[in-house]
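Chain by chain, the residues:
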Amino acid sequence: LQQTSLSLQTKPDLNTQKAKMKFSSAISLLLVGSAAAFAPASTSQSRGTALFMAGDGEIKPLRIGTRGSPLALAQAYETRERLMEKFPEMNEEGAIEICVMKTQGDMILDKSLMELGGKGLFTKELDTALLGDEVDICVHSMKDVPTWLPEGTVLPCNFPREDTNDAFIYKDGSVKRIEDLPDGSVIGTASLRRQAQLMAKNPTLKCVNFRGNVQTRLRKLDDGVVDATLLAIAGLKRMDMDDCATSVLDWDEMLPAVAQGAIGVQCRSDDERSLKYILGLNDPDTHACVNCERAFLEALDGNCKTPIAGQARIIDGKIKFRGLIAMPDGSLKYENEAEGDVDDAVEIGKKAGEELKAQAGDKFFEMMVELSPQQVLGQLTK
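Rules used throughout
Residues numbered from 1 in each chain as written. Predicted model: local features only at pLDDT ≥ 70, side-chain atom pairs only at ≥ 80, totals over all residues. Heavy atoms only, no water. Helix = DSSP H or I, 4+ residues; strand = E, 2+ residues; numbered from the N terminus. Expected span 1.5 Å × (residues − 1). Buried < 20%, exposed > 50% of the residue type's maximum accessible area, 1.4 Å probe, protein only. Phe/Tyr/Trp six-rings, centres within 6.5 Å; stacked < 30°, edge-to-face > 60°. Pairing = 2+ DSSP bridges. Axes fitted to C-alpha atoms, helices over the stretch in contact; angles between N-to-C directions. Contact = heavy atoms within 4.5 Å. Right-handed = clockwise from strand over helix to strand, strands pointing away. Core = buried A, V, L, I, M, F, W, Y, C linked by side-chain atoms within 4.5 Å. Arc of directions from axis to C-beta.

Visitor: I tried to follow helix α10 (residues 284-300) on my own but got confused; where do I start?
Guide: Residues three or four positions apart in an α-helix share a direction because the helix packs 3.6 residues into each turn. Taking 1.5 Å of rise per residue, 17 residues should cover 24 Å, and α10 covers 25 Å from first to last C-alpha, within 8% of that figure. The element α10 is extensively covered by neighbouring structure, given that 13 of its 17 residues are classed as buried. Downstream of α10 by one or two residues, D301 has phi in the positive range, about 55°.

Quick look at the structure:
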């Protein structure tokens, strides 16, 4: 396991700086910090509670599995804080241990997710560690989690959701809307969902593969590799970097990804201790919306070659859903909306997906299956 240092104690004051300095300052503040700030919790013995006692009298910590990016670590430490606030025994020394690991998706950055095979690249190693009893729970950005879970695991917990919208970041802050981008602008993004919606608005835009953690992407923008990029505002807020956003796009400008802005916690289905703790942290409204969106995605059999967006929110006691599918070059786009009782969230999402699938027709999805990753990328960068 590789430890990563990150300090979340100081929010960078960027309001009075130029846009270029804004990005580099934020990157520096996030990458420099006390090693102790994000080191795993101590596993030294504590005899204050029987809940954590193994048969030999050793403490048995609740082990949290996480990726090692600054954003993933911020989410893991948010999980720790929530556990400590909700359950007094979690404040004891050695009660919680954070286990950091790298996934294949973190290690291979020169290829798009589509070329590598999909979203599971960010969860496979965590799944293996969970099933192998190396960790007790795993913390995920829900938009990275496939619609299927490995047998023997469950994901019953979502924290209260952060803002789900996308942040638009222009190199010098002078352009605040997609519609105002100069023709031929180069946009850095690894998301086909974003690329399709961008190119539907302006086919002259050039989208290039743009992977790596938030700090890496902002550094590339600062270096002039691209003119603009888009990131989830939720991630920026969790790292106190939302001042880097030039603007926040509403759903009409850029419909977010399924489950964007939501954190999920997974555990083994037979682990009663872990279930007790994470169920105590679940936010029912967020969980219902995320389940609705994931049912929509599952009905479409979505993969990383198909641009798909879907968002649900609860308004006046009703769940309201909006979905979108498109061709990678934005030349075709299908959208729909649905609403109903919150208890019917999964069925609402499923029906919305089935309706869009019928609206687009078999030919649309056959084309998506037939397109190779290189052909899709060729459409985007022609």
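Visitor: I tried to follow the packing of aromatic side chains on my own but got confused; where do I start?
Guide: Think of a pair of aromatic rings as described by two things: how far the centres are apart, and how the planes are tilted against each other in angle. As enumerated under the stated definition, the model contains five aromatic pairs in all. Ring geometry for F296 versus F321: centroids 4.7 Å apart, planes at 55°, classification tilted. Separated by 25 residues along the polypeptide, F296 in helix α10 and F321 in strand β12 (residues 318-326) bring together distant segments of the chain. The same class applies to F296 and to F321, which are both buried. Relative to F364, the ring of Y334 has its centre 5.8 Å away and its plane inclined at 90°; by these criteria the two rings are edge-to-face. With a gap of 30 residues between them, Y334 in strand β13 (residues 333-341) and F364 in helix α12 (residues 362-370) connect regions that are remote in the sequence. Of the residues examined, Y334 reaches a relative accessible area of 18% and is grouped as buried.

Visitor: In this structure, what is going on with the sheet that holds strand β4 (residues 153-158)? I would like to understand it.
Guide: Where strands meet in a sheet, backbone hydrogen bonds hold them as pairs that are either parallel or antiparallel. Strand order in this open sheet of five strands is β2-β1-β3-β10-β4, and the pairing throughout is mixed. Only two strands of the sheet have a single neighbouring strand rather than two, namely β2 (96-101) and β4. Geometrically, the sheet is characterised by an average inter-axis angle of 30° between neighbouring strands, direction not taken into account. Its contacts with the sheet place helix α2 (residues 70-86) against β1 (62-67), β2, β3 (137-141) and β10 (263-268), and it is angled at close to 155° to β1.

Visitor: Looking at this structure, how should I read the side chain of N158?
Guide: Inspection of the secondary structure assignment puts N158 in strand β4. Given the relative accessible area of 1%, N158 is considered buried. For N158, the residues in contact, after removing those within four places along its chain, are M142, I263, G264, L281, N282, D283, T286, H287 and V290.

Visitor: Even after reading the chapter, I still don't get the environment of V346, so can you show me in this structure?
Guide: By the secondary structure assignment, V346 is in helix α11 (residues 345-360). Through-space distance from the C-alpha of V346 to that of C292 is 4.5 Å; in sequence the pair is 54 residues apart. The contact partners of V346, leaving out residues within four places of it in the chain, are N291, C292 and A295.

Visitor: Is there a simple way to think about the pairing of strand β11 (residues 308-315) in this case?
Guide: It is a general feature of regular strands that their side chains alternate between the two faces of the sheet. Inspection of the sheet shows β11 paired to β12 by eight bridges, in the antiparallel sense. Across the sheet, the residue bridging to G310 is G323, located in β12. Linking two consecutive strands that pair antiparallel, namely β11 and β12, is a turn of two residues; a positive phi of about 55° is found at D316 within it.

Visitor: Hey, could you run me through the pairing of β2 in this one?
Guide: Across the six residues of β2, five count as buried, placing the element largely inside the fold. For β1 and β2, the ladder comprises six bridges, and the chain directions are parallel. Counted as the bridge partner of R63 is E97 from β2. A crossover links β1 with its parallel partner β2, the connecting element being α2, and its sense is right-handed.

Visitor: Teacher, can you tell me more about the nonpolar core here?
Guide: Proteins that are soluble and globular tend to have nonpolar side chains buried together. One finds F296, I325 and F364 to be the most contacted residues of the largest nonpolar core, which totals 28 residues. The dominant element in this core, judged by the number of residues it contributes, is α10, at seven residues. Residues contacting F296, with those up to four places away along its chain left out, are V258, I308, A309, G310, F321, G323, L324, G349, K350, A352, G353 and L356. By size, the runner-up hydrophobic cluster in this structure holds 23 residues, among which are V100, V139, L275 and I278.

Visitor: Looking at this structure, I do not really get α11. What am I missing?
Guide: With 16 residues, α11 extends 23 Å from end C-alpha to end C-alpha; this agrees with the ideal 22 Å at 1.5 Å per step. The set of residues buried in α11 consists of A345, I348, G349, A352, G353, L356 and A360. Burial along α11 is one-sided: seen end-on, the buried residues are contained in an arc of 130°. Following α11 by one or two positions, G361 has its phi on the positive side, about 85°.

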